[in-house]
Amino acid sequence: MKNKSKALFGLIIILILVYPAAAIIENVLSETQEPGDVAAVSESGSEVQSISMQYTLRVGREIYMDYCSVCHGESGDGLGFNAYTLETKPRNFSDAEYMNELSDARLSETISEGGRGVNKSVLMPVWGNTLSPLEITYLVGYIRQFSRKTEAE
Ligand code: HEC
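Residues numbered from 1 in each chain as written. Predicted model: local features only at pLDDT ≥ 70, side-chain atom pairs only at ≥ 80, totals over all residues.

A. Structural view of the overall build of the chain. Scanning the chain from N- to C-terminus turns up 6 helices and 0 strands. Reading the chain from its N terminus to its C terminus gives the helix and strand order α-α-α-α-α-α. In the chain, which comprises 153 residues, the proportion classed as buried is 16%. A sequence separation of at least 24 residues applies to 46% of the contacts in the chain between residues at least 6 apart. (Helix = DSSP H or I, 4+ residues; strand = E, 2+ residues; numbered from the N terminus. Buried ≥ 20, exposed ≤ 12 C-beta atoms within 10 Å, placed from the backbone. Contact = placed C-beta atoms within 7 Å.)

In structure tokens form, the structure reads like this:
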């Protein structure tokens, strides 16, 4: 019994001594692996990018659901519950062919100045007084999602 606990104690001491040594060796090894380090950095860089991308889309989605989905529909198909009351139908954002013809600048302009501001139907409201330029940028990003999804299908 006494011998066994002595052996156990010895084992623990060895582990305590070996662990820092292994950590030092690992450190030295990783310092010499520079190409691997670079890959790790760029990997986490794109991770950060995709997280912030998800963030802007999330914010865009929230604004869209609050202000736009009543007419343009929750899935951007132009069939919001208010759409049937409108003589000019709200734009279907999932129509990739149509949407690809429009620049981001054009979309922001229409959102900011409304249909009236860009010679379209006045039934598309003016949002420039309600939403900030940044919020409108988020919206453009979110609206683009609808046609990207249909393209991928
Ligand atoms: C009251 C209903 C209504 C609401 C709410 C509404 N829209 Fe519209 N929207 C329209 C209609 C109708 C059109 C079509 C105008 C036309 O084709 O002449 C339109 C067109 C557009 C277009 C123009 C696309 C093109 O053809 O150039 C964009 C972009 C747009 N809306 C974005 C938005 C965004 C973003 C919101 C929310 C902030 C929003 N709309 C809220 C009714 C609405």
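B. Expanded view of the environment of T110. Among the secondary structure elements, T110 is positioned in helix α5 (residues 104-117). By the C-beta count within 10 Å, which is 21 here, T110 ends up buried. Sequence separation between T110 and V126 is 16 residues, and the spatial gap between their C-alpha atoms is 8.0 Å.

C. Focus on unusual backbone geometry. Unusually for a residue other than glycine, N119 sits at a positive phi of about 60°. If you trace the backbone, N119 turns up in the loop between α5 and α6 (133-152).

D. Highlighting the site of the ligand. Around the ligand there are 23 residues in total, and C68, C71, K120, S121 and M124 lie nearest to it. Of all the secondary structure elements, the ones that give two or more residues to the shell around the ligand are α3 (69-72), α5 and α6. Broken down by element, the shell around the ligand gets its largest block of residues, 4 residues, from α5. Taken together, the residues of the shell around the ligand sort by class into 15 nonpolar, 6 polar and 2 charged. (Near = placed C-beta within 6 Å. Nonpolar A, V, L, I, M, F, W, Y, C, P; charged D, E, K, R; others polar.)

E. Representation of the confidence of the model for the chain. Across the chain, the average pLDDT comes to 85, with 84% of residues at 70 or higher. Low pLDDT (under 50) marks residues 34-41, which in the prediction has 0 contacts with non-local residues, meaning those over four places away or in another chain. (pLDDT = per-residue confidence, 0-100.)

F. The arrangement of the environment of N92 in detail. Structurally, N92 can be placed in the loop between α3 and α4 (96-99). Its 19 C-beta neighbours within 10 Å are what place N92 among the partly exposed residues. Between the alpha carbons of N92 and F146 there is a distance of 9.0 Å; along the sequence they are 54 residues apart. Here N92 is in contact with D77 and G78, once residues within four sequence places are set aside.

G. How the structure looks around the nonpolar core. Core analysis: the biggest nonpolar cluster contains 14 residues, and Y64, F93, I111, I136, L139, Y142 and I143 have the highest contact counts within it. If one sorts the elements of this core by residue count, α6 sits on top with 6 residues. Not counting the four nearest positions on each side in its chain, I143 is found in contact with G76, F93 and L107. (Core = buried A, V, L, I, M, F, W, Y, C linked by C-beta atoms within 7 Å.)

H. Fine view of α5. The end-to-end C-alpha distance of α5, which contains 14 residues, comes to just 16 Å, noticeably less than the 20 Å that a straight helix rising 1.5 Å per residue would cover. Largest kink in α5: about 75°, centred on I111. N119 occupies a position one or two residues after α5 and carries a positive phi of about 60°. (Expected span 1.5 Å × (residues − 1). Bend = angle between axes of the 7 residues up to and from the residue.)

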